[in-house]
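If you want the building blocks of each chain, they are given just below.
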Amino acid sequence: MNDSSKTPDVLGVVGAGLMGRGIAQIAAQGGIEVKLYDNRPGGGEEAREAIVAMLGKLAAKGKMTEADLAAASARLQVAATLNDLAPCTVVVEAIVENLDVKRELFTQLEAIVSEKCILATNTSSLSVTAIAAACKHSNRVAGFHFFSPVPLMKIVEIISGPLTDGWVADKLIQMAKAMGHTPVRASDTPGFIVNHAGRGYLTESLRILGESIAPYPEVDRILRQSAGFRMGPFELLDLTGLDVSQPVMESIYNQFYQEPRFRPSPLARLRQAAGLLGRKTKRGFYVYTEGQKQEIPAPAVPARNDMSVWLSANDAKAFPAVAELLGTLGIKRDQAERPGDKSICLVLPVGQDVTTVALAQGLDPERTVGLDPLFLNKQRTLMTNPKTSPAVRDAAHAMFHTEEVPVSVIHDSAGFVCQRVVATIVNIGCDIAQQSIATPEDIDKAVTLGLGYPKGPLAMGDALGAATVLKILDNLFDFYRDPRYRPSPWLKRRAMLGMSLLTPDS
Ligand code: NAI
């Protein structure tokens, strides 16, 4: 057991770039002595000055007192050489993302710091264990993974590998809390929690685009408005840049030995090759003029043409909110047991496409449209099948559209847009829990704080109902015969047992 918690901490930060500066700033604000080292001549001092200027801005805005500013600034020292890090209790590196360079740095540090000093890496894509294995005392090596911009992204993943001692993560948790951040524990696996859990949103959206189900502005609108994501997936890809996102997608996919759940998209690779990287190249999925995204307006709403709408008695019973909506919108209902010759046949697929449901119910595909019954309140998604007549499509579009709750019309898709994207996110979150990479609670904390999703994947699954998510995935799997959609055992068992997805194993 290490007794370093009894002595005041001194944090060494190696690499005083974007991340190192952020880490040094919040540590100094949290009352921790910091020693900043950068191998670029003058780099340490430049960083110290930049941090003090940043703290000065916070003080000017009244976010910290002058006394706190002075105290935090005094806690920041520049280390002229690596040897100056000798008194540190923890050293975190935020240098170039290169395994050999990081291993070499830790080997050098081992000759300088005490045996009890923790050596932590801020790597986001390398194996903490591969870095640790180069060390004599690999038991004190862990990941301390912050997100950019560090002072605003209040989450840090604390990564233990098979060689890491238990006290090391405990100590880093304590330090993260002193820095005002929320720590989550994860085991050393590709992407840890946040970058692993984040695969679903982007890859499933790219798949939807690749299948020509809907154009990207429509997919963005649907996921923002119906499912409450802060940014649409294509807006997010433009912000991060495909030069960053595409290699991460490929790396996680390959590190998990071509796990189909993480399969990247040839479309994204093509766009990367074309240099359509996003905001940084002024053109990605969207065009940017003077930093502003050029909006692509939603298609016009057709004129209202009141046809009557038939909904099966089973669907009306299973989804009373849809039956009620028809009344609220003043839509004429065909109440007969079977649809009349001129009625629109409305179906409510869960994980299925309109073609499959129309044929299963013996409906005329030309007059059948689908409505997503699970995402109705802020935006509605209507879905056609290849035979739906344009007149039926346009009539349904006009009937279901209101100023407050607009409609998106998409091509046939097993599970519309929201159902399949949300189910994919939930499934990946469940599998992170199943693999004991992190606790259910930490998975949800990491994803809400690290990715800004409206809920963590497990709470998102609970909101839809574990059984519903399982049904969506089973139907997607049936339709595509693609193991990408195989449900995680975590989801399957909890759905069968009627338990919350946040329930740990007993
Ligand atoms: P950066 O390029 O802004 O800063 C790196 C700094 O390290 C530079 O000042 C450079 O002079 C210095 N440096 C390079 N090799 C060194 C060495 N051997 N010894 C001492 N100093 C050295 O890079 P950034 O963005 O701060 O990233 C640093 C690390 O943090 C990388 O491992 C990266 O993967 C990780 N990371 C980055 C995130 C981001 O959003 N930028 C997010 C999470 C982790």
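On a predicted model such as this, the values are computed, not experimentally measured, just so you know.

Analysis parameters
Residues numbered from 1 in each chain as written. Predicted model: local features only at pLDDT ≥ 70, side-chain atom pairs only at ≥ 80, totals over all residues. Heavy atoms only, no water. Helix = DSSP H or I, 4+ residues; strand = E, 2+ residues; numbered from the N terminus. Buried < 20%, exposed > 50% of the residue type's maximum accessible area, 1.4 Å probe, protein only. Contact = heavy atoms within 4.5 Å. Areas by Shrake-Rupley, 256 points an atom, 1.4 Å probe, with all protein chains shown as cover. Lys, Arg positive; Asp, Glu negative; His and termini not counted. Charge placed at Lys NZ, Arg CZ, Asp CG, Glu CD. Domains from an automatic or database assignment. Pairing = 2+ DSSP bridges. Right-handed = clockwise from strand over helix to strand, strands pointing away. UniProt positions renumbered as here; feature names shortened; annotations may be inferred. Near = heavy atom within 4 Å. Polar contact = N/O pair within 3.5 Å; in protein donor to acceptor, adjacent residues only side chain to side chain. Nonpolar A, V, L, I, M, F, W, Y, C, P; charged D, E, K, R; others polar. Core = buried A, V, L, I, M, F, W, Y, C linked by side-chain atoms within 4.5 Å. Salt bridge = Lys/Arg side-chain N within 4 Å of Asp/Glu carboxyl O.

**Some remarks on the overall build of the chain**
- Broken down by element type, the chain carries 21 helices and 16 strands.
- Taking the principal axes of the C-alpha coordinates as reference, the chain spans close to 85 × 50 × 45 Å.
- The buried share among the 506 residues of the chain stands at 55%.
- The contacts of the chain with a sequence gap of at least 6 include a subset with a gap of at least 24, amounting to 70%.
- About 21,600 Å² of surface is accessible on the chain, with carbon and sulfur atoms providing 54% of the total.
- Charge-centre separation for the chain: the mean point of 53 positive side chains lies 1 Å from the mean point of 54 negative side chains.

**Examining the domain arrangement of the chain**
- Domain annotation for the chain reports domain 1 (10-188), domain 2 (198-293) and domain 3 (308-410).
- Placing the centre of domain 1 and that of domain 2 at their C-alpha centroids yields a distance of 31 Å.

**Observations regarding the pairing of strand β5 (residues 118-121)**
- Side-chain alternation along β5 places Ile118 and Ala120 on one buried face and Leu119 and Thr121 on a second face that is also buried.
- Pairing geometry for strand β4 (residues 90-93) and β5, over four bridges, is parallel. Across the sheet, residue Glu93 finds its bridge partner in β5, namely Thr121.
- After leaving β4, the chain enters helix α4 (residues 99-110) and then returns to the sheet as β5, a path that is right-handed.
- In the sheet, β5 pairs with strand β6 (residues 141-146) via three bridges, with the strands oriented parallel. By the bridge assignment, Thr121 is partnered in β6 with Gly143.

**Notes on the UniProt feature "domain: 3-hydroxyacyl-CoA dehydrogenase C-terminal" (unreviewed entry) in the chain**
- Within this structure's numbering, the places UniProt gives as "domain: 3-hydroxyacyl-CoA dehydrogenase C-terminal" (unreviewed entry) are residues 191-288 and 415-495.
- Between the C-alpha atoms that bound residues 191-288 there is a distance of 30 Å. The span itself is 57% helix and 1% strand.

**As for the side chain of Asp482**
- Position of Asp482 relative to the elements: it lies in the loop between α20 (466-480) and α21 (489-497).
- Excluding residues that lie within four positions of it along the chain, Asp482 makes contacts with Arg207, Pro260, Arg263 and Phe477.

**Section: the UniProt feature "domain: 3-hydroxyacyl-CoA dehydrogenase NAD binding" (unreviewed entry) in the chain**
- According to UniProt, the feature "domain: 3-hydroxyacyl-CoA dehydrogenase NAD binding" (unreviewed entry) maps to residues 11-188 in the numbering used here.
- Helix and strand shares over residues 11-188 are 39% and 21% respectively, and the end C-alpha atoms of the span are 23 Å apart.

**Looking at the site of the ligand**
- Not every one of the 21 residues close to the ligand is listed here, only the nearest: Leu18, Met19, Asp38, Glu97 and Lys102.
- Ile95 has a polar backbone atom sitting 3.1 Å from an oxygen atom of the ligand.
- Between an oxygen atom of the ligand and a side-chain N or O atom of Glu97, the distance comes to 2.5 Å.
- Bound to the protein, the ligand loses 71% of the 830 Å² it would expose on its own.
- Those elements giving two or more residues to the shell around the ligand turn out to be α1 (18-29), α4 and β6.
- A per-class count over the shell around the ligand returns 10 nonpolar, seven polar and four charged.

**Re unusual backbone geometry**
- Following Ser148, the chain continues to Pro149 via a peptide bond in cis, the omega torsion being -10 degrees.
- Here Pro149 shows up in the loop between β6 and β7 (155-160).
- The phi torsion at Gln258 lies on the positive side, around 55 degrees, for a residue other than glycine.
- Structurally, the position occupied by Gln258 is in the loop between α11 (242-255) and α12 (266-273).
- The backbone of Ser436 sits at a positive phi, close to 55 degrees, despite the residue not being glycine.

**Details of the nonpolar core**
- Counting 123 residues, the largest nonpolar core has Leu346 and Phe400 as the members making the most contacts within it.
- Sorting elements by how many residues they give to this core places helix α17 (residues 418-434) first, with 10 residues.
- Setting aside residues up to four positions removed in sequence, Phe400 forms contacts with Leu325, Leu326, Leu329, Ile331, Leu346, Leu371, Arg380, Leu382, Val405 and Val407.
- In this structure, Val156, Val168, Ala169 and Met175 belong to the second largest nonpolar core, which totals 40 residues.

**Things to note about the pattern of salt bridges**
- Taken as a whole and judged by the stated rule, the model has 28 salt bridges.
- The residue Glu218 makes a salt bridge to Arg221 at a minimum N-O spacing of 3.2 Å. Of this pair, Glu218 and Arg221 are both found in helix α9 (residues 216-225), three residues apart, which corresponds to roughly one turn of the helix.
- Classification of Glu218 as buried rests on a relative accessible area of 5%.
- With its nearest N and O atoms 3.0 Å apart, the salt bridge here joins Asp394 to Arg393.

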